[in-house]
Each structure stands twice: as structure tokens, then as C-alpha cells.
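# Inside the fold
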Amino acid sequence: MKTTPAAFLRLTAAVSCLALAGPAALPAQDRLMDDPLAVRPTYPTLDSNAGRTRAAGAVYDRLRRLMSDRKKARRNAAKALARADPATLIPLVDAYFFSPNEARPDVRQLLEDLSGERLGNHYRGWFEYVGSREDLVPPPGYVAWKGELFSRIDPVFSRILGPDTTVRLRLREVHWGGVRLDQIPAIEDPAAVPADMARFMRDTDTVFGVSIGGERRAYPVKVLSWHELLNDTVGGQPITLSFCTLCGSGILYSAVDANGERLRFGTSGLLYRSNKLMFDRATLSLWSNLTGEAVVGVRAAEGARLEMLPMTLTRWDAWRTRYPDTTIMRPDPEAARRTGFRYVEGAADQARSGVEFPVWRQSDALERNARIYALRIGDEAKAYPLDRLRTEHLVHDTVGGLEIVLVLDAASDAVRAYQSGRRRFRVPQETPLRQLHAEDGTAWWIAEEGLVPDSGDGDLLPRVAGHAAFWFGWYAFYPDTGIY
């Protein structure tokens, strides 16, 4: 399905409405689920109490009738569901999202009766409510129910979320992001050119800078902001760069499985806590952009997790000056023509302005969209507000038992974190920033792989992988995070 500029803008407007009210609030021509497929999954015994499983199957059948366009069927279903277990609220909220306009008042009334809450007619409030109800466990068969409903958007979702699928997240918090599977095209093994041939770049354009195996490459943010996912090889290392524009996190992963086989990823169209879920093309398993964990499917059953690699978000002029031998991904003009994407700094952000999705777990410790530099070392997570890093430039800290130093380059706004080796550093008065000076009188070069001793003696101090993010997106996953 081709995406033109007009279609994309209409899509983002539609997604914004969906986040508040659900698809029934949109005109029929803008809803992808008006013609549902006849998907009737079976419900295996997921509980030792077979009676409970059979009862759950009856609940889902009644929910289907509640979503009907026939008034009598809805009335009878509502009457039966009025005596249901409160856990029915979880699939009931899903039903509210997918119900036609004529069914929504009946579904909303049942939501109010079962919950005792009055949250109005906006889907967002109900979605956040069931997310916050950690005391409720979905009825058996919930995975297949969710797959059945999502298959109305794209039939492949019934394969991804089948009766026997392993799930390692709170599936009730998985939300449709407004596009079908792979409808946002990933970039595959793009062409790259030397820095002096990058006439498509402005000095002030931002890039994701990567250095692996002695090879340097930059990826323009103005391109990744549209495609959100890239599969490439740098320095002989297969990589995936996943950019969740909703939560502001661009993260680099080693794209190999436990057997050393290359993994290729695409955008699933589904979100978890407003964070994109990507899928691997080999197994259709879903993976978290933020954690690198496989959370749904075969890979989730294996407990698979991707290794995060260091990457630097910086300005093109700063990266090019630091690494004149770098190459940079060249935007594909044919892709731009085919999709209608405008590879201009800020254009994608402008197109999706105002689009956001419900997240129940929130904190006012920082402003919702405050930019942070996020680190997770061992079992400890920590957020460093960029405004504070811009003031201090250099921060010594301990995270997960590891002593680290973070440095922000004022000329490019780039943040890098390193193991400190128990040294204390200071920032010399130089522009651009190339070195740190230790209290013992030694100088250390700021490199992508680590801090390198100027003397040539001794080992480098390794880089610690981290990334930028919006505060709300980070907190939703790590509510116990520290704040510097």
C-alpha cells in the first residue's frame, strides 16, 4: 500500500483521533476495520480450571455479539455480561475500540457498570484505566482475542497473536499505531557515499553516528524520522537502527541471533506504552524498541534479547569534522517519490505533530516530553535531563555498580557515556571538544569506542551504550528509574 504525502497527513490526523476516541469516531472511509474478517480462533485450556476456560470462551462470544450492529444481540449480550467477572473489563476495552458507532453506547455503559467509573466516551481514558488495574488478570484466551481484533486491521496479526503464542508483556497495553504491518517501509542495506559527496546534507542536520570495526557511518535523522527502522552492515556487523519517533528513542542493536544468524526487522504497526514494537521477518516475533527484548512469539519463548551498541546523536558538521573518513547513507530518491516522504529536517515531526498514544504510567517529576539521556546498566536505570547536561557538560556517577562519566559536547549537543575507571575528569577549554583531562594529569581522547589514553599506554575506557528519549517513554518502562 503506497503512502503519499496527503495520505500520510490524513493518517497522522486519524491516529491522533484514534488515541482519544477509537476508530468509531472517524468517518467510515478512514477506518481500516469497517469490514472485519471472519476470524474465530479457538481457546485452548490455559488454566487448570477447565470450567473457567469454557466460561472465558463464552465471555468472548458475548463480546462479539456486543459489538454487533444488531440491537437485540447487543442488548442480550450486555445483559449476560453485566454479571461478568471484573477482569472482563480488559477485553471489553478492546471491544470498545473496534465497535461500530451504533454499538459504542452499549459497550460504554457496560464499562461503567463493571468498573463503577465514569470516564466518558473517549477510548483513551478506558485504555489507561485497565492498564492501571494491576489486580486484574485477563480471561483465558486473551492473546487469541487480541489477535482476532487486530486481524481486522491486517490478517497477519492473527498469526502473530495466536492461541499458543508466548507473550512477555502486558498485552492489554498493546495499542494499534495507525498503520498495518510493514506499512512504514524499513530501509534495507542503503547506499552510502563519502562525506564530501553528501550534498544532500546541511551542516546543522542531525545524524546518528555509528563506528564499528573501524568503519564510520552516519544516518540522517531527517530520513530515519520517516522510515523509523534500518537494517544495514557496518564494519562487518549486521545492525538494526530502530527509531521510535513517538518516544524520541533511536537505538542501535546488533542484529544477530544466538546462533549468529542475521536478523532483519520491520515495523509492526503496534505500540506498547507508546513505544514501537518491531518484528523480525524470519519468525514474525515482536520485539521492544526500547529494551531490545523479544516480547511476543517464537523469539520471546526463547528469551531472546538484542545487544545494544553505542551510537551518537549529533550534528552532521561535528561528525564529519571528527571523522573525515566517514560515509553517510544516501537518501533514495525513488523511495522518496514512491512514498511521498520529504527528507527535510523536521518535516516528519511536523507531519505527526500532536499525535500521541495513551500511557497509563506517568510521572510529573519531569515535563512529559523532556529530553533525557537514558542509561540502563545491570538492573539499574537512570535518566539524565539534557538541560542539566547542557549546564554541567561533565557528570561522574555510578549506575548498576559501574562508575561512569558522561560528557556533552556543547557544539553538537552529542552525549557520550564511558566507564571512568575510577578516574575524575574535567573538560578542557577547547572547541570542538576532543579530549578529557584526568586529575592525574593524563589526557584522554573522546572516541566512539571509548576514552583513549593520549600517551598510548594502557587500555581504553569502554563506551557505555545509552540513548536519548522523552521522559514519559522512559518512565513508562522504568518507573523505578533514578533521575540525575
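### Things to note about the overall build of the protein
When helices and strands are counted, the protein shows 15 helices and 27 strands. With 484 residues in all, the protein has 57% of them scored as buried. Nonlocal contacts in the protein, meaning residues at least 24 apart in sequence, comprise 64% of its contacts between residues at least 6 apart. Entry remark: accessible area of the protein is about 20,600 Å², with carbon and sulfur atoms responsible for 48%.

### Examining the sheet that holds strand β20 (residues 414-419)
Read from one edge of the open sheet, eight strands run β18-β19-β20-β25-β24-β23-β22-β21, paired in antiparallel fashion. Each having just a single partner strand, β18 (394-399) and β21 (425-426) make up the two edges of the open sheet. Both β18 and strand β19 (residues 402-409) contribute to a ladder of six bridges, which runs antiparallel. Across the sheet, Thr398 pairs through a bridge with Glu403, a residue of β19.

### Focus: a nonpolar patch on the surface
A grouping of Trp445, Val452 and Leu460 is seen on the molecular surface, where their side chains present a nonpolar patch of about 230 Å² in accessible area. Examined against the element boundaries, Trp445 turns out to sit in strand β23 (residues 443-446). On the basis of relative accessible area, Trp445 is assigned to the partly exposed category, the value being 37%.

### Here we look at the side chain of Arg361
Inspection of the secondary structure puts Arg361 in the loop between α13 (347-351) and β16 (371-377). With relative accessibility at 17%, the residue Arg361 sits in the buried group. Of the polar contacts made by the side chain of Arg361, one reaches the backbone oxygen of Ala476; its length is 3.4 Å. Contacts of Arg361, omitting those with residues within four sequence positions, involve Glu134, Arg273, Tyr475, Ala476 and Pro479.

### Quick word on the sheet that holds strand β11 (residues 286-288)
Here we have five strands laid out as an open sheet, ordered β1-β9-β10-β11-β12, and antiparallel in their pairing. Since the sheet does not close on itself, it has two edges, and those belong to β1 (174-176) and β12 (294-296), each with one partner. Across this sheet, the average inter-strand angle for adjacent strands is 50°, counted without regard to direction. As judged from the three bridges shared by β1 and strand β9 (residues 265-272), these two strands associate in the antiparallel manner. In the strand pairing of β9, Trp176 is matched with Leu270.

### Thoughts on unusual backbone geometry
Backbone torsion omega between Thr431 and Pro432 reads -5°, so that peptide bond is classified as cis. Mapped onto the elements, Pro432 comes out in the loop between β21 and β22 (435-438). In this structure, Asp182 is a non-glycine residue whose phi angle is positive, near 70°. Within the secondary structure layout, Asp182 lies in the loop between β1 and β2 (187-188).

### Focus: the pattern of salt bridges
Counted by the stated rule, this structure contains 39 salt bridges. Linking Arg390 and Asp387 is a salt bridge whose minimum nitrogen-to-oxygen distance equals 2.8 Å. A residue pair is termed a helical-turn pair when its members lie 3 or 4 positions apart in one helix, as Arg390 and Asp387 do in helix α14 (residues 386-392) at three residues. Assessed through its relative accessible area of 34%, Arg390 is described here as partly exposed. A salt bridge links Glu392 to Arg388, with the shortest nitrogen-to-oxygen separation between them at 2.9 Å. One end of the pair is Glu392 and the other is Arg388, both in helix α14 and four residues apart, which spans about a single turn. What makes Glu392 partly exposed here is its relative accessible area of 31%. Within the structure, one salt-bridge network assembled from shared partners comprises Asp182, Glu188, Asp189, Arg262, Arg264 and Arg281.

Parameters at a glance
Residues numbered from 1 in each chain as written. Predicted model: local features only at pLDDT ≥ 70, side-chain atom pairs only at ≥ 80, totals over all residues. Heavy atoms only, no water. Helix = DSSP H or I, 4+ residues; strand = E, 2+ residues; numbered from the N terminus. Buried < 20%, exposed > 50% of the residue type's maximum accessible area, 1.4 Å probe, protein only. Contact = heavy atoms within 4.5 Å. Areas by Shrake-Rupley, 256 points an atom, 1.4 Å probe, with all protein chains shown as cover. Pairing = 2+ DSSP bridges. Patch = residues over 30% accessible without salt bridge, like charges linked within 9 Å, V, L, I, M, F, W, Y side chains within 5 Å. Salt bridge = Lys/Arg side-chain N within 4 Å of Asp/Glu carboxyl O. Polar contact = N/O pair within 3.5 Å; in protein donor to acceptor, adjacent residues only side chain to side chain. Axes fitted to C-alpha atoms, helices over the stretch in contact; angles between N-to-C directions.

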